[in-house]
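Structural features, examined
Now for the letters of each chain:
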Amino acid sequence: MKTVVITGSARGLGYEMAKVFKQNNFNVIISDLNLENLKKAKENLDSLIQTGNVELCVCDVTNTSDIKALIDFAKEKFNEIDIWINNAGVNQPEKAIWDLTEDEINTVINVDLKGTIMASNLIMQEMIKNKKGAIYNIEGYGSNDAMMLGLSIYGTSKRAITYFTEALAKESEERKTGVIVGKLSPGIMITDFITNALGNKQKINLSEKTKKVYNILGDYPDVVANYLVKEMITNTKNNAKIEWLTNKKAAWRFMTAAFNKRDFFKD
Ligand SMILES: NC(=O)c1ccc[n+]([C@@H]2O[C@H](COP(=O)([O-])OP(=O)(O)OC[C@H]3O[C@@H](n4cnc5c(N)ncnc54)[C@H](O)[C@@H]3O)[C@@H](O)[C@H]2O)c1
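Bringing the site of the ligand into the picture now. By nearness alone, 29 residues border the ligand, and Gly8, Gly12, Ala88, Gly89 and Phe193 come closest of all. Sorting the residues of the shell around the ligand by element identifies helix H1 (12-23) and strand S7 (188-189) as the ones contributing at least two each. Residue contributions to the shell around the ligand peak at three residues, all from H1. Taken together, the residues that form the shell around the ligand break down as 15 nonpolar, ten polar and four charged.

Structure follows, in C-alpha cells:
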C-alpha cells in the first residue's frame, strides 16, 4: 500500500484529497494545527470510506520541528512516504500592502511560502534515501502573475511557490534523485479559505462582483480533489503541472455563464 502525507488537511482541499486517496486504498496521514479538528476529520474519513488507512498528526508547517516529527510519524506508521503534498495555506486580509501589519505579512509568508520550502527541504532528504517519491506544491492566485487589490502578499507567496517548485524539480532531475516534483493548480474553490484570512482570524467580505466570478469559475473542493488525486496517482513525470481550471475551461465557463444557475452564496 502506498502512503501519502497532506499538510493542512483537517478541512478544505486537503481533507477532500485525503478522502480520494483513502478511496484509492492509500495509507493517508492527515495533519493540521488543531488536534480536535483532526480527530473529527479522521472520524469522518473512517466512517465514510472503508478502504485505506488514516492516521493523524498535529503539525504547524511554520515550525520545522513539527515537520520533522510529521515525517518521523509517517515513517513509524507506514515505513515509506510515496507522496507528500504541501497543501497548508492561509489567505491574507483584504488590505493594501502598506496597511498590513508585520505579523500579518509574516503569517502569510511563513505558512504559504516558507512552510512549503522547509517541508520540501526535509521530505526531499527522506525521499532521496529511497530514490523515489513525489512532492506536490499548491499554486494559487498570483502564480501566473495575475494581480488583484488585497491579494498581493498571498500572490507574492504563490508566485514564489511556482518558481520554487520548478527549481526543485530541476535540481532533482539534474542530480538524478529519483524524486519527482510537481504543481497542483486547483483554480477557485468554495472553502472557508475564501472568506477567512490568516486561518480563521479575520473575516473577508466578498463583493458582489467577486461572488459572481466565483459562481462562474469556482467549484467545491471535492470536485477539484477528485481530479487532482487521480492525476497524481498516475503521474510519473517530473515537473508536471496538474491543473483543474485550465484557460480553456475558464473560457467555456464564461461563455456559458448565462446558463449557469450556481449560487454558492445564497444563504
Ligand atoms: N480556496 C481557493 O479558492 C484556493 C485557490 C487556489 C489555491 N488554494 C490553495 O489551496 C490550499 C488549501 O486551501 P483551502 O481552500 O482548502 O483552505 P482551507 O482554509 O479550507 O484549508 C487550509 C488548511 O490549512 C490549515 N493551516 C493553516 N495554517 C497552517 C499551518 N501553519 N500549519 C498547518 N496547517 C495550517 C488550516 O487549519 C486549514 O485546515 C492552500 O494552499 C490555498 O492557498 C485555495
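Text resumes after the structure shown.
Glancing now at helix H5 (residues 152-174). Taking 1.5 Å as the rise per residue, H5 with 23 residues should run 33 Å; its terminal C-alpha atoms sit 33 Å apart, in good agreement. Those residues of H5 that sit buried are Ile153, Tyr154, Gly155, Ser157, Lys158, Arg159, Ile161, Thr165, Leu168, Ala169 and Ser172. Among the structural elements, helix H4 (102-130), strand S5 (134-138) and strand S6 (180-185) are those in contact with the buried residues of H5. Note on H5: the residue one or two positions beyond its end, Lys176, has a positive phi of about 50°.

Across the sheet, which stays open at both edges, the seven strands sit in the order S3-S2-S1-S4-S5-S6-S11 with parallel pairing between neighbours. Sheet topology places strand S3 (53-58) and strand S11 (241-243) at the edges, where each strand pairs with a single neighbour. Averaged over neighbouring strand pairs, the angle between their axes works out to 20° when direction is ignored. For S6 and S11, the ladder comprises three bridges, and the chain directions are parallel. Each bridged residue has a counterpart across the sheet, and for Lys183 the counterpart in S11 is Lys241.

So, on to unusual backbone geometry. With a phi angle near 55°, Lys131 is a residue other than glycine that sits in the positive phi range. As for its placement among the helices and strands, Lys131 is situated in the loop between H4 and S5. Taking the number of C-beta atoms within 10 Å as the measure of exposure, Lys131 has 10 and is therefore exposed. For Asn239, which is not a glycine, the phi torsion comes out positive at approximately 60°. With respect to the helices and strands, the residue Asn239 is situated in the loop between helix H7 (221-234) and S11.

Burial runs high along strand S2 (residues 27-32): six of the six residues are buried. Of the two faces of S2, the one lined by Asn27, Ile29 and Ser31 and the one lined by Val28, Ile30 and Asp32 are each fully buried. Sheet topology places strand S1 (residues 3-6) next to S2; four bridges connect them, and they run parallel. Bridge assignment links Val4 to a residue of S2, and that residue is Val28. Crossover S1 to S2 through H1 is right-handed. As paired strands, S2 and S3 are joined by six bridges and run parallel to one another. From the neighbouring strand, Ile29 faces S3, where its bridge partner is Glu55. In this view, the connection linking S2 to its parallel neighbour S3 by way of helix H2 (residues 35-48) has right-handed handedness.

Cut-offs applied
- Residues numbered from 1 in each chain as written.
- Predicted model: local features only at pLDDT ≥ 70, side-chain atom pairs only at ≥ 80, totals over all residues.
- Near = placed C-beta within 6 Å.
- Helix = DSSP H or I, 4+ residues; strand = E, 2+ residues; numbered from the N terminus.
- Nonpolar A, V, L, I, M, F, W, Y, C, P; charged D, E, K, R; others polar.
- Expected span 1.5 Å × (residues − 1).
- Buried ≥ 20, exposed ≤ 12 C-beta atoms within 10 Å, placed from the backbone.
- Contact = placed C-beta atoms within 7 Å.
- Pairing = 2+ DSSP bridges.
- Axes fitted to C-alpha atoms, helices over the stretch in contact; angles between N-to-C directions.
- Right-handed = clockwise from strand over helix to strand, strands pointing away.

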